[in-house]
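# An overview of the molecular structure
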Amino acid sequence: MGFARTCSVALVGVDGVVVEVQADLEPGVAAFTLVGLPDKSLTESKDRVRAAVVNSGGEWPQKKLTVGLSPASVPKSGSGFDLAIACAALGASERIDPRVLADIVMIGELGLDGRVRPVRGVLPAVLAAADAGYEQVVVPESAAAEASLVPGVSVLGVRSLRQLIAVLTDEPVPDEDPDEQGRTDPLAGLRLPGAGAATGMHGMGAAQYDQGHDLADVVGQLSARTAVEVAAAGGHHLFLEGPPGAGKTMLAERLPAILPPLGRGESLEVTAVHSVAGLLPPGKPLVDVAPYCAPHHSATMQALVGGGQGVARPGAVSLAHRGVLFLDETPEFSSHALDALRQPLESGHVVIARSAGVVRFPARFLMVLAANPCPCGRFSQRDTLCECSPSAIRRYQARLSGPLLDRVDLRVEVDRVTRSQLTERGARGESTETVADRVRTARERAAARLAGTPWRTNSEVPGRELRSRWYASPGAMEEAERSLERGVLTARGLDRVLRVAWTVADLAGRDRPGAADVTLALQLRTGVPRGVPMAIGASS
């Protein structure tokens, strides 16, 4: 009788659970039994592991082999257990010393020829191993850079099972031919056909915005540009309403470029989500720029908030974590899908309940909504180009529920671009670099003020804290409080006006919001002009 054990990791959302892989050999008819709540892809590992061991020059034990995955109550899925199962079986047959395997975490899929193939979720799996106190991890060579992002863990990247056996038995490590240069690895990035398409992710996963896109390319739209700057500085959600071709999509596409670079902790959070989704680009293990996600209006609720059949996958709100979620043609989205956004907008995470358990994904994003004023897009108070009936306009605008819009801090009307604005020379607005510098300075002021608290931006601060610790100048909130009494603002809306006012003050370099800052915040919140200048950059 032989026994050996090693470890792997089961992912539940972006959280990992260390699983002990136990192998037991005993006399009897040759058989391979896998227990411990495996799914279909994991059950199939029996054939992959047997073929990989034989094709790697090993001898498959002709006895009754039982492999147990403990804890047995945790659902386990995917092919990432192959490497651990193969080594545990070889340890039980004494091809490898079982004592060497006990404290090693192994993650990787085995090909039939013994090659070690990459799997999704390497980073969160290694993070879970490190939190559990493990210091040695074996991963596919192509995922070694991703695993090395976790401090305090020794990472061994292997190309084949043959190499791993040689390392564990102190034998000469054989040379393995690398993949042919210039040939696309079919598993690079671990994308399925169309993966990420429903969620609108960039083809390279993270928001690798086009360097040719500059905020100065947007013609006119002073109010909208100011709103985009305030949204970036304070993390406030934004609603852009205007006719087609006015520049709503251009403004949203340039928003990630003015956001500050992600910090180390934020980068690990974002990379973990993209790793689980299989959207990490090959050769770039760490996502260090703000993600940009723009799902099509036909996306389902599961595509937006996560879920799907089988193992729950992160949706667009999680792929946009610490970045921008842009919903173009927002009224065309399903009302159920839009209403499902309310909970992540408030809590910063998504909880997906299944019969097998509950999955939690992070979802703290900056949401940008864009909509036309009517079905034809030409409705305006200034002209009569629109041919839509009043009832059609009401039905179209009612697709955005009041509770959802109440969670949006900024609401701006994007005007139609005139001929003179398009043909005027030398009248370009501020560049992305200029606005990004101002946004970074405002974020630093907010971070210094919020030091020692769990909040990072003004949009995250609860209303009770704003009213008790960070309040505006005396008398500055009078107009906003009158709007609350008239029913123009809700209680939540009043708190959000104060948050926006703090962001405006940070951009202007003031220590506390004054009456002008609150009035501008009220104008940005309600979309009603109140006679205050919109050029923050000019006043700062």
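Residues numbered from 1 in each chain as written. Predicted model: local features only at pLDDT ≥ 70, side-chain atom pairs only at ≥ 80, totals over all residues. Heavy atoms only, no water.

### Focus on the pattern of salt bridges
Put simply, the rule is: A pairing counts as a salt bridge when a side-chain nitrogen of Lys or Arg comes within 4 Å of a carboxyl oxygen of Asp or Glu. The secondary structure listing takes helices from DSSP runs of H or I that are at least 4 residues long and strands from runs of E that are at least 2 residues long, numbered from the N terminus. Burial here depends on accessible area, computed with a 1.4 Å probe over protein chains only, as a share of the maximum for the residue type. Under 20% is buried, over 50% is exposed, and the range in between is partly exposed.
Taken as a whole and assessed by the stated rule, the structure comprises 31 salt bridges. E266 is paired through a salt bridge with R456; the nearest N and O atoms lie 2.9 Å apart. With E266 in helix α10 (residues 264-277) and R456 in the loop between α18 (432-449) and α19 (463-468), this pair connects stretches of sequence that are 190 residues apart. For E266, a relative accessible area of 19% gives the class buried. One continuous salt-bridge network, built from bridges that share partners, spans E346, D406, R407, D409, R492, R496 and R525.

### With respect to the sheet that holds strand β10 (residues 238-241)
Which entries qualify depends on this criterion: By definition, two strands form a pair when at least two bridges between them are found by DSSP.
Taken together, five strands build an open sheet; the order of strands is β11-β12-β15-β10-β16 and the sheet is parallel. The open sheet terminates on both sides in strands that have one partner only, identified here as β11 (292-293) and β16 (410-413). Sheet topology places β11 next to strand β12 (residues 324-327); two bridges connect them, and they run parallel. In the sheet register, Y292 faces β12, and the bridge partner there is V324.

### Let's talk about the pairing of strand β3 (residues 31-35)
Burial of β3 is one-sided: the residues F32 and L34 facing one way are buried, the residues A31, T33 and V35 facing the other way are not. Pairing geometry for β3 and strand β4 (residues 64-70), over five bridges, is parallel. Looking across to β4, one finds that V35 is bridged to G68.

### What about the confidence of the model for the chain?
Reading fine detail from the predicted coordinates is not recommended where pLDDT is low. The condition that has to hold: Values of pLDDT, the confidence the predictor places in each residue, fall between 0 and 100. Contacts are assigned to residue pairs that have any heavy atoms within 4.5 Å of one another.
Mean pLDDT over the chain works out to 87, with 90% of the residues at or above the 70 mark. Looking over the chain, one finds the lowest element-wise mean pLDDT in helix α23 (residues 536-539), namely 48, and the highest in strand β5 (residues 104-106), namely 97. Residue range residues 180-195 is modelled with pLDDT below 50. Its contacts to residues more than four positions away, or to other chains, number 22 contacts. Scored below 50 in pLDDT, residues 203-210 makes 19 contacts in the model with residues more than four places away or belonging to other chains.

### Examining the packing of aromatic side chains
What counts, and what does not: A pair of aromatic rings is counted whenever rings of Phe, Tyr or Trp (Trp by its six-membered ring) have centres within 6.5 Å, and the orientation is called stacked for planes under 30 degrees apart, edge-to-face for over 60 and tilted otherwise.
Across all of its chains, the model carries two aromatic pairs by this definition. On the numbers, 5.5 Å between centres and 40 degrees between planes, the contact of F32 with W60 is tilted. Of this pair, F32 sits in strand β3 while W60 is found in the loop between α2 (45-55) and β4, placing the two residues 28 residues apart along the sequence. The exposure classification of F32 matches that of W60, with both residues buried. Ring centres of W455 and W470 lie 6.4 Å apart, and the angle between their planes is 85 degrees; this geometry places the pair in the edge-to-face category. Of the two residues, W455 sits in the loop between α18 and α19 while W470 sits in the loop between α19 and α20 (478-485), which places them 15 residues apart along the sequence. For the residue pair W455 and W470, the accessibility class agrees, reading buried in each case.

### Things to note about the side chain of E465
Considering the arrangement of structural elements, one finds E465 in helix α19. Residue classification places E465 among the buried residues on the basis of a relative accessible area of 16%. For E465, the residues in contact, after removing those within four places along its chain, are W455 and W470.

### A look at the packing of helix α8 (residues 222-234) against helix α9 (residues 248-258)
Any two packed helices are characterised by the angle at which their axes cross and by the distance between the axes. Operational definition: Between the N-to-C directions of two axes lies an angle of 0 to 180 degrees, each axis being a line fitted to C-alpha atoms and, for a helix, fitted only over the stretch in contact. Each angle gets one of four labels, with under 35 degrees taken as roughly parallel, over 145 as roughly antiparallel, 65 to 115 as roughly perpendicular, and the rest as oblique. Two helices that cross are described as forming a left-handed crossing if the nearer one is turned anticlockwise from the farther one by less than a right angle, and a right-handed crossing if clockwise. Residues are sorted three ways: Asp, Glu, Lys and Arg are charged, Ala, Val, Leu, Ile, Met, Phe, Trp, Tyr, Cys and Pro are nonpolar, and all the rest, Gly among them, are polar.
For the pair α8 and α9, the least separation of the axes is 10 Å and the interaxial angle reads 40 degrees. Here α9 runs oblique to α8, going by the angle between their axes. Along this stretch, α8 crosses α9, giving a crossing that reads as right-handed. Residues A224, R225, V228, E229 and A232 of α8 pack against L251, L255 and I258 of α9. Residue classes in the contact of α8 with α9 are distributed as six nonpolar, no polar and two charged.

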